[in-house]
Amino acid sequence: KAGVTQTPRYLIKTRGQQVTLSCSPISGHRSVSWYQQTPGQGLQFLFEYFSETQRNKGNFPGRFSGRQFSNSRSEMNVSTLELGDSALYLCASSEQGSNTGELFFGEGSRLTVL
Amino acid sequence: AQSVTQPDIHITVSEGASLELRCNYSYGATPYLFWYVQSPGQGLQLLLKYFSGDTLVQGIKGFEAEFKRSQSSFNLRKPSVHWSDAAEYFCAVGAAGLGFGNEKLTFGTGTRLTIIP
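Only a predicted model underlies this, so the values are computations on that prediction, with no experimental measurement involved.

**Student:** Can you walk me through the overall build of chain A in this structure?
**Tutor:** Per the secondary structure count, chain A includes 0 helices and 11 strands. Seen in sequence order, chain A has helices and strands lined up from the N terminus as β-β-β-β-β-β-β-β-β-β-β. Rg of the C-alpha trace for chain A: 13 Å, near the compact-globule value of 13 Å for 114 residues, within the 12% margin. Counting only C-alpha atoms and orienting by the principal axes, one finds that chain A spans roughly 40 × 25 × 25 Å. The buried share of chain A, taken over its 114 residues, is 49%. Contacts in chain A between residues at least 24 apart in sequence constitute 53% of all its contacts with a sequence separation of at least 6. Surface exposure of chain A reaches about 5,300 Å², of which carbon and sulfur atoms provide 46%. Computing the positive centroid from 11 side-chain charges and the negative centroid from 8, chain A places the two 5 Å apart.

**Student:** Would you mind going over the pattern of salt bridges with me for this structure?
**Tutor:** Note on pairing: side chains with opposite charge can pair once their charged atoms come close. Evaluation of the coordinates by the stated rule reveals 10 salt bridges over all chains. For A:Glu75, the salt bridge is made with A:Arg73, and the minimal N-O distance between the two is 3.3 Å. Judged by its relative accessible area of 16%, A:Glu75 falls in the buried class. A salt bridge links B:Arg22 to B:Asp8; the shortest N-O distance between them is 2.9 Å. Placement of the pair is B:Arg22 in the loop between β3 (19–21) and β4 (24–26) and B:Asp8 in the loop between β1 (3–5) and β2 (10–14), with a sequence separation of 14 residues. Relative accessible area serves as the criterion here: at 39%, B:Arg22 is assigned to the partly exposed category. Its relative accessible area of 18% is what places B:Asp8 among the buried residues. Among the charged side chains, a network of salt bridges with common partners joins A:Arg63, A:Glu82 and A:Asp85.

**Student:** Help me out: how do you make sense of unusual backbone geometry in this one?
**Tutor:** Residues and elements named next belong to chain A. Pro 8 follows Thr 7 through a cis peptide bond whose omega is -10°. Structurally, the position occupied by Pro 8 is in the loop between β1 (5–7) and β2 (10–13). Located in the positive-phi region is Glu 52, a residue other than glycine, with phi close to 70°. For Glu 52, the position within the fold is in the loop between β5 (42–50) and β6 (53–57). Positive phi outside glycine occurs at Ser 72, with the angle close to 75°. On the secondary structure map, Ser 72 appears in the loop between β7 (64–68) and β8 (74–78).

**Student:** Would you mind going over the nonpolar core with me for this structure?
**Tutor:** Looking at soluble globular proteins, one finds that nonpolar side chains tend to be buried together. Residue and element names in this part refer to chain B. Judged by nonpolar contacts, the single largest core of 26 residues is most densely connected at Leu 19, Trp 35, Leu 47, Leu 48, Phe 74, Leu 76 and Tyr 89. At the level of elements, β2, β3, β5 (31–38), β6 (44–50), β8 (64–68), β9 (73–78), β10 (87–95) and β12 (111–116) are the ones that each hand at least two residues to this core. For this core, the element with the highest residue contribution is β10, accounting for 4 residues. If we skip the residues at most four places from it in the chain, Leu 48 touches Leu 33, Phe 34, Trp 35, Val 57, Gln 58, Gly 59, Phe 63, Glu 64, Ala 65, Phe 74 and Leu 76.

So, how was this worked out
- Residues numbered from 1 in each chain as written.
- Chains lettered and ligands numbered in written order.
- Predicted model: local features only at pLDDT ≥ 70, side-chain atom pairs only at ≥ 80, totals over all residues.
- Heavy atoms only, no water.
- Helix = DSSP H or I, 4+ residues; strand = E, 2+ residues; numbered from the N terminus.
- Rg over C-alpha atoms; globule rule 2.2 N^0.38 Å.
- Buried < 20%, exposed > 50% of the residue type's maximum accessible area, 1.4 Å probe, protein only.
- Contact = heavy atoms within 4.5 Å.
- Areas by Shrake-Rupley, 256 points an atom, 1.4 Å probe, with all protein chains shown as cover.
- Lys, Arg positive; Asp, Glu negative; His and termini not counted.
- Charge placed at Lys NZ, Arg CZ, Asp CG, Glu CD.
- Salt bridge = Lys/Arg side-chain N within 4 Å of Asp/Glu carboxyl O.
- Core = buried A, V, L, I, M, F, W, Y, C linked by side-chain atoms within 4.5 Å.

Given below as structure tokens:
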């Protein structure tokens, strides 16, 4: 079974631009969560989608948004980029209902904002 | 709100020595507890989890953790570390009883483990 795939792996943007990151979950997983990882703040929860609906949302400004498609693939978008948005963005998928509590993480998309 | 504290930012141990990484959590009810490991340039991988029952849980790669409710702790242990264990380790707490799993986990800030030969 293929793992969680995130694209792109690395990208560089400038302040004010916007960026879209993509996540393909493990086949059969209907839940996708997004986390921002920075050296100072650690792992911060962004949002979680299940069956195309946002089920949970972290404490991030409205510039951060996401969506999930019918095939469970998910995208997140950050508009009007700021220097502080430089981070590793991790996507994780999980099965709903299995109650295993296990998140399967992708390798992340490393965003650098100049 | 749930929270996790990992008091050790960085730990260095010799190869073959024992290891204990500390984790303290705050949660008002029965928590779900997890340890994840992140190797450089990689995503996180689940080492072990605690939901209920036996308070000593076994995980992959020879790791174990013990849930101590009275101390609100879930420390990770390994009797003999290998050079390949060098990584960053994250403790996480999830909310039990939500009925749909724990997609929203709260992570600690991590402990970086260095192994010296």
